[in-house]
Amino acid sequence: MKNYFIINPVAGKGKAIEIVEKQIEIVSEELKKDNEFIIIHTHHPGDGTEICKEICEENKDQVINVFACGGDGTCFEVLNGIIGYKNVRFGMLPVGSCNDFLKTFPGYDFLDIEKQLKGKTIDVDTVKVNDEYIINVANFGFDARANDDQLKLRSKYKSVKTAYNMALVKNILSPKLGDSVEVTVDGKNVFEGKMLLSAVANAKYYGGGYKCAPLADVSDGLIDVVLVRKISVITFAKLVKFYKAGEHLNNKKFDKYVIFVRGKDIVINAKNDLTSSYDGEVRHSLNYHLEISDKKVKFILPSAN
């Protein structure tokens, strides 16, 4: 079987290529006999999507494995390149700064290529957001702006964590905290007013470990919508640790602040530019349409041994 490894060479502080090559090298000789390993480097934003589209077209008549090797951004690009190709098995190698989708699958060694090759696939839902696809979470408002700012601050701070913390402080203190939005789910209006943030989720985690959608199931054909009304800075500071731990859906402290609903078709309309993050990729718009897609992906779960 052909195995394509799409690597972002700057991922993992520039060590992604080395890590992947080492993992391929230690694959057993028995498996190497039946597998071909093809490494391709990305060179600029969006490159991964175009590369994967070409790979899929060239291999339409055979089953192939395509591995996204990097962080959430690389996974997003690879997903949008393989979407709709039923002959493709989608794998992830977490060699980037953040791999939030994989946190939904604790206990699996996604870095071990041999275990990936011996693993099984599960059908995973995807969500279409306007004209792009996500596999994890699309978030809107405060935390999306913080993500946008931390990307800009990375050149100033060597640590991604430091950049993100500085971005959080900047946005917490912003006089523009809160966005005026109208949200409908399956044609029913569920919220209209000032929103702090919302996570429209297929999986459970985002933002480097925030358990925004603790009840999400990647294969149930539904999207989990978690919306937090605009709150004061003091209230935010008191509650954010519970939100990060995924306790906001069963904690009475959140009852008047959080709206939780599931559906298949979500529309978010904003009065002003609303920052969003599609699996970590920043977008800006006044209008967003999210819907569960019939284009599932065959996602590789590594074997236990």
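From a predicted model like this one, the values you see are computed outputs, not experimental measurements. (Residues numbered from 1 in each chain as written. Predicted model: local features only at pLDDT ≥ 70, side-chain atom pairs only at ≥ 80, totals over all residues. Heavy atoms only, no water.)

1. With respect to the overall build of the protein chain
A count of helical and extended segments in the protein chain gives nine helices and 15 strands. In terms of C-alpha radius of gyration, the protein chain reaches 19 Å, essentially the compact-globule figure of 19 Å for 305 residues. With the C-alpha coordinates of the protein chain rotated into their principal frame, the extents come out at 60 × 45 × 35 Å. Considering only contacts in the protein chain between residues 6 or more positions apart, those separated by 24 or more positions represent 73%. For the protein chain, the exposed area adds up to about 14,400 Å²; of that, 51% sits on carbon and sulfur atoms. Positive and negative charge centroids in the protein chain, built from 42 and 41 side chains respectively, lie 9 Å apart. (Helix = DSSP H or I, 4+ residues; strand = E, 2+ residues; numbered from the N terminus. Rg over C-alpha atoms; globule rule 2.2 N^0.38 Å. Contact = heavy atoms within 4.5 Å. Areas by Shrake-Rupley, 256 points an atom, 1.4 Å probe, with all protein chains shown as cover. Lys, Arg positive; Asp, Glu negative; His and termini not counted. Charge placed at Lys NZ, Arg CZ, Asp CG, Glu CD.)

2. Comments concerning the sheet that holds strand β2 (residues 36-41)
Strand order across the open sheet formed by six strands is β2-β1-β3-β4-β15-β5, with mixed pairing between neighbours. Edge positions in the open sheet fall to β2 and β5 (120-124), since each of these has one partner strand only. Adjacent strand axes in the sheet meet at a mean angle of 30°, parallel and antiparallel pairs treated alike. Across seven bridges, strand β3 (residues 64-70) lies against strand β4 (residues 88-94) in parallel orientation. Bridge pairing links Val66 to Phe90 in β4. Relative to β3, helix α5 (residues 72-82) is tilted by about 155°, and along the sheet it contacts β1 (2-7), β3, β4 and β15 (297-301). (Pairing = 2+ DSSP bridges. Axes fitted to C-alpha atoms, helices over the stretch in contact; angles between N-to-C directions.)

3. Some words on the pairing of β15
Along a regular strand, successive side chains alternate from one face of the sheet to the other. Summarising burial for β15: four of the five residues are buried, a large majority. In this sheet, β15 lies alongside β4 in parallel orientation, the contact comprising two bridges. When the bridges of β15 are listed, Arg89 appears paired with Lys298. Across five bridges, the pairing between β5 and β15 is antiparallel. (Buried < 20%, exposed > 50% of the residue type's maximum accessible area, 1.4 Å probe, protein only.)

4. Here's the deal with helix α4 (residues 47-58)
When the terminal C-alpha atoms of α4 are compared, their 17 Å separation across 12 residues agrees well with the 16 Å that a helix rising 1.5 Å per residue should span. Where α4 is concerned, the buried positions are Asp47, Gly48, Thr49, Ile51, Cys52, Ile55 and Cys56. Contacts made by the buried residues of α4 are with β1, β2, β3, α5 and β4. (Expected span 1.5 Å × (residues − 1).)

5. A closer look at empty space enclosed by the protein
All chains considered together, the criterion is met by one cavity of 30 Å³ or more. A volume near 100 Å³ is recorded for the largest cavity. When residues in the lining of the largest cavity are grouped by element, the largest group, five residues, is from helix α9 (residues 233-244). Residue composition of the lining of the largest cavity, grouped by class: 11 nonpolar, one polar and no charged. (1 Å grid on protein atoms, 1.4 Å probe; cavity = no way out; pocket = protein on both sides within 12 Å on 5 of 7 lines; lining within 4 Å. Points joined across faces, edges and corners; volume = space filled by probe spheres on them. Nonpolar A, V, L, I, M, F, W, Y, C, P; charged D, E, K, R; others polar.)

6. Quick look at the environment of Asp100
Its location among the elements puts Asp100 in the loop between β4 and α6 (113-117). On the basis of relative accessible area, Asp100 is assigned to the buried category, the value being 2%. A C-alpha to C-alpha distance of 11 Å links Asp100 and Cys212, two positions 112 residues apart in sequence. Ignoring any residue separated from it by four or fewer positions in sequence, one finds Asp100 in contact with Asp72, Asn136, Tyr205, Tyr206, Gly207, Gly208 and Gly209. At 3.1 Å, the side chain of Asp100 and the backbone nitrogen of Gly207 are in polar contact. (Polar contact = N/O pair within 3.5 Å; in protein donor to acceptor, adjacent residues only side chain to side chain.)

7. Here's the deal with the pattern of salt bridges
Scanning the model with the defined rule gives nine salt bridges in all. Between Lys103 and Asp100 there is a salt bridge, with its nearest N and O atoms 3.1 Å apart. A residue is classified by how much of its surface remains accessible, and Lys103, at 31% relative accessible area, is partly exposed. For Lys298, the salt bridge goes to Asp123, with nearest N and O atoms at 3.5 Å. Taken together, the positions of Lys298 in strand β15 and Asp123 in strand β5 put the pair 175 residues apart, joining distant regions of the chain. (Salt bridge = Lys/Arg side-chain N within 4 Å of Asp/Glu carboxyl O.)

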